[in-house]
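Examination of the molecular architecture
Each chain, letter by letter, is given below.
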Amino acid sequence: MKKIKNLVRLICLTLCVALAFAFAGCGKSELETKLETALKNYVASESFSKSLAEVKSVQARTSVMYLKYLDKNFYTEETIAEYKKSLDLIDSLIDGDGKISYDLFESSAVKEAGFYSVTDYLYSYSLLVNQYALWCDRTVNKDGKYDAYTDKIAEFLKAVDKELYDENVPFDYTKAGAAWGYTVDSEIMLTAYNLGLDTEATTPGAVKHFLSYYETDGSGNFVNEADTPNWNGFTGRPLAGSLLTKNNGYSAKYEKTAQGYFPYTDGWDQPLEEMINLDRLSNFYDKTITISEEVFADPEYALLTGMAHGFDMTAYEKAVTDETRGDKAGKKYDLVSMWASSLETDENGNYAIDNLGDAAVAIAYLAFENGIAAPSPLGKYTKELGAVKLS
């Protein structure tokens, strides 16, 4: 009799678990399910492994940072060994007093590796060190070696911030080399955030500078124009702005209307009126924008930046009325579905993802659906971020 009761309990438990999984699956939209499948196929492909192993630039690396939202480790020991080589370049910048010194840059292994400046390297370092932390956590390896550099970097960032914004301290602009689309002030602020430092304490001048973009005149017009965008990747100013969303001076309207991402007319120096911002993205998503054979525009990065600001891109709400396009403030668009419709499909209508940029969008969307309010390539790694489980 006891055996029969135990068997009944086991059957009931099994049924409960099965029902739980069934109800969980029922909660997923068709888009979520299809993107999970496409993403699962991509990360299992040779194309993904090759792309991951070849990541060198900041532009490519920021897309890879979204892997933190998946609950698996995708880095091989060979890849991590290369990352550690880049991280270890920092030693060539440390002087006899144990401080990071700009004076050492010209003869450093950092410059030899192709970085534009110390701040450019440190931004890359701040991304790499989080990739390494993810690998250590998910492969149960412990290595606190790079923790010892955080205070040194913080001290250096504070000094650069002071040089940039203290009129009594001259700044040598030969030190200002930055990755394409970034500036030295965006790089120091993003570096501080990626290392888990308080940006207002570490880079107060940069924080104040990026908040100044939201200032308006007496008529409510924004005073400052956004920096030149990176048409093929992330741009430093809007990424820095994504760190300010909880600040009283932040303006979602600025981010939606005053930041251009790429032009929809031919040329290189168009005014904002001829550039795609987030409010205009729905009107131009189905247009292939090719500036030249070598330069094209990726709308994925506008979509990802909007997500980083905490905007629901599945129900994007326009900030202003534009009667020429029939748009009214408050009108909502599913920009994620517009992006998904631009993906290649197979004969059965299944989505195919074949590059890191589209993979980043898919992961960010799935992270949002799994409770991550503002999925972003930025921030210090923690194990709680792995919210997306690919079935």
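One structure accompanies this document, and this report is about it.

What counts and how
Residues numbered from 1 in each chain as written. Predicted model: local features only at pLDDT ≥ 70, side-chain atom pairs only at ≥ 80, totals over all residues. Heavy atoms only, no water. Helix = DSSP H or I, 4+ residues; strand = E, 2+ residues; numbered from the N terminus. Rg over C-alpha atoms; globule rule 2.2 N^0.38 Å. Buried < 20%, exposed > 50% of the residue type's maximum accessible area, 1.4 Å probe, protein only. 1 Å grid on protein atoms, 1.4 Å probe; cavity = no way out; pocket = protein on both sides within 12 Å on 5 of 7 lines; lining within 4 Å. Points joined across faces, edges and corners; volume = space filled by probe spheres on them. Salt bridge = Lys/Arg side-chain N within 4 Å of Asp/Glu carboxyl O. Nonpolar A, V, L, I, M, F, W, Y, C, P; charged D, E, K, R; others polar. Contact = heavy atoms within 4.5 Å. Polar contact = N/O pair within 3.5 Å; in protein donor to acceptor, adjacent residues only side chain to side chain. Phe/Tyr/Trp six-rings, centres within 6.5 Å; stacked < 30°, edge-to-face > 60°. Lys NZ or Arg CZ within 6 Å of the ring centre and 35° of its normal.

Quick look at the overall build of the protein chain
Along its length, the protein chain carries 17 helices and six strands. For 391 residues, the compact-globule formula gives about 21 Å, and the C-alpha radius of gyration of the protein chain, at 23 Å, lands near that figure. Taken along its principal axes, the extent of the C-alpha atoms in the protein chain is 85 × 60 × 45 Å. Among the 391 residues that make up the protein chain, the fraction classed as buried is 49%.

Observations concerning empty space enclosed by the protein
The tally for this structure, following the rule as stated, stands at three cavities of 30 Å³ or more. Residue lining of the largest cavity: Val64, Met65, Leu67, Lys68, Tyr75, Asn130, Gln131, Leu134, Gly379 and Tyr381, and that is the complete set. A per-element tally of the lining of the largest cavity places helix H7 (residues 118-138) first, with three residues. Considering only enclosed or pocket space, the second largest cavity measures out at about 60 Å³ in volume.

Some points on the pattern of salt bridges
This model, assessed by the stated rule, comprises nine salt bridges. Between Glu36 and Lys28 there is a salt bridge; the shortest N-O distance is 3.1 Å. Glu36 sits in the buried class, given a relative accessible area of 7%. Glu255 serves as the salt-bridge partner of Arg237, at 2.6 Å between the closest nitrogen and oxygen. Remark: Glu255 occurs in helix H13 (residues 252-257) and Arg237 occurs in helix H12 (residues 236-241); sequence separation between them is 18 residues. Across this residue pair, the class does not change: Arg237 and Glu255 are buried.

Some words on the layout of surface pockets
Size it by volume and the largest pocket reaches roughly 720 Å³. Considering the residues around the largest pocket, the lining is formed by 34 residues, among which Ala258, Gly260, Pro271, Leu272 and Glu273 are closest to the centre. Tallying contributions element by element places H13 first for the lining of the largest pocket, with three residues. Its residues placed into classes, the lining of the largest pocket shows 12 nonpolar, 11 polar and 11 charged.

Describing the environment of Asn247
Inspection of the secondary structure puts Asn247 in the loop between H12 and H13. Asn247 sits in the partly exposed class, given a relative accessible area of 24%. Note: C-alpha distance between Asn247 and Leu211 (36 residues apart in sequence) is 8.6 Å. For Asn247, the residues in contact, after removing those within four places along its chain, are Glu200 and Leu211. A polar atom in the side chain of Asn247 sits 2.9 Å from the backbone nitrogen of Gly249.

Some points on the environment of Thr257
Tracing the backbone through its elements, the reader meets Thr257 in helix H13. The spatial distance from the C-alpha of Thr257 to the C-alpha of Tyr75 is 38 Å, given a sequence separation of 182 residues. Here Thr257 is in contact with Phe222, Leu272, Asn277, Asp279, Ala319 and Val320, once residues within four sequence places are set aside. At a separation of 2.7 Å, a polar atom in the side chain of Thr257 contacts the main-chain carbonyl oxygen of Lys253.

Things to note about the environment of Ile363
Its location among the elements puts Ile363 in helix H17 (residues 356-369). For Ile363 and Leu122, which are 241 residues apart along the polypeptide, the C-alpha to C-alpha distance reads 26 Å. In this view, Ile363 contacts Leu39, Tyr66, Leu67, Tyr69, Leu70 and Val388; residues no more than four positions away in its chain are not counted.

A word on helix H15 (residues 300-308)
Most of H15 sits inside the fold, with nine of its nine residues counted as buried. Three or more residues of H15 are buried, namely Glu300, Tyr301, Ala302, Leu303, Leu304, Thr305, Gly306, Met307 and Ala308. Lining the buried residues of H15 we find helix H4 (58-64), H12, helix H14 (281-284), helix H16 (335-340) and H17.

Points about the packing of aromatic side chains
Summed over all chains, the structure comprises 19 aromatic pairs. Grouping aromatic residues by their ring pairs yields a cluster made of Phe115, Tyr121, Tyr125, Tyr132, Trp135, Tyr146 and Tyr149. In this structure, Arg237 packs its charged tip against the face of Tyr213, placed 5.4 Å from the ring centre. Here the basic side chain of Lys256 rests over the ring of Tyr316, its NZ or CZ set 4.8 Å away from the ring centre.

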